[in-house]
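# What the coordinates show
This is what each chain is made of:
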Amino acid sequence: MKQKIVIVDDDKLVLDLYSDFFRQHDYEVFAATSADAALKIIRQETPDIILSDIVIPTKNGFDLYEEVKLFDPDIPFIFMTGYEHIKKVSEKLNKLNVKWISKPVQLEELLALVQSQLKT
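Residues numbered from 1 in each chain as written. Predicted model: local features only at pLDDT ≥ 70, side-chain atom pairs only at ≥ 80, totals over all residues. Heavy atoms only, no water.

### Focus on helix H5 (residues 107–119)
How we decide: Every helix listed is a DSSP run of H or I at least four residues long, and every strand listed is a run of E at least two residues long, numbered separately from the N terminus. In this scheme, a helix's expected span is set at 1.5 Å multiplied by one less than its residue total. Categorising residues by exposure relies on relative accessible area from a 1.4 Å probe, with only protein chains included: less than 20% of the type maximum marks a residue as buried, more than 50% marks it as exposed, and the intermediate range marks it as partly exposed. Think of the arc as the fan of directions from the helix axis to the C-beta atoms.
Taking 1.5 Å of rise per residue, 13 residues should cover 18 Å, and H5 covers 18 Å from first to last C-alpha, within 8% of that figure. Residues of H5 that are buried: Leu 107, Leu 110, Leu 111, Leu 113, Val 114, Gln 117 and Leu 118. With its buried residues spanning 160° around the axis, H5 presents them on a single face. Those residues of H5 that are exposed and aimed more than 90 degrees away from the buried face are Glu 108 and Lys 119.

### Some details on unusual backbone geometry
With an omega of 0°, the peptide bond between Lys 103 and Pro 104 qualifies as cis. Tracing the sequence through the fold places Pro 104 in the loop between strand E5 (99–103) and H5. One non-glycine residue with positive phi stands out, namely Asp 26, at about 70°. For Asp 26, a relative accessible area of 47% corresponds to the partly exposed category. Non-glycine residue Thr 46 carries a positive phi angle of around 45°. In this structure, Thr 46 sits in the loop between helix H2 (35–45) and strand E3 (49–53).

Nothing here speaks to function; it is geometry throughout.
See below:
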């Protein structure tokens, strides 16, 4: 059975790139362009892992993270953020003790991070 991954990013081109990449690596991919759309998918599909940009429509990635953790605290969550946002959010990321990766993402690095989170 394929592992399920939810990818959340408001940039459709980036979302398509990540989705295609993970499908090629044998994941079942669910894509969302907003936090609200992601939450609907997460409640229906109970993914194995979630990748989310921080700056997304309807709610930010931190809001999405908090709602997901109320729903299922065991789902691994990886934040993706652009270089310009790292200084603003790094303190919060460190407090949450979550994994994150800066954009532009190196796909092989992201895959390795996903695989390591799914093994723990």
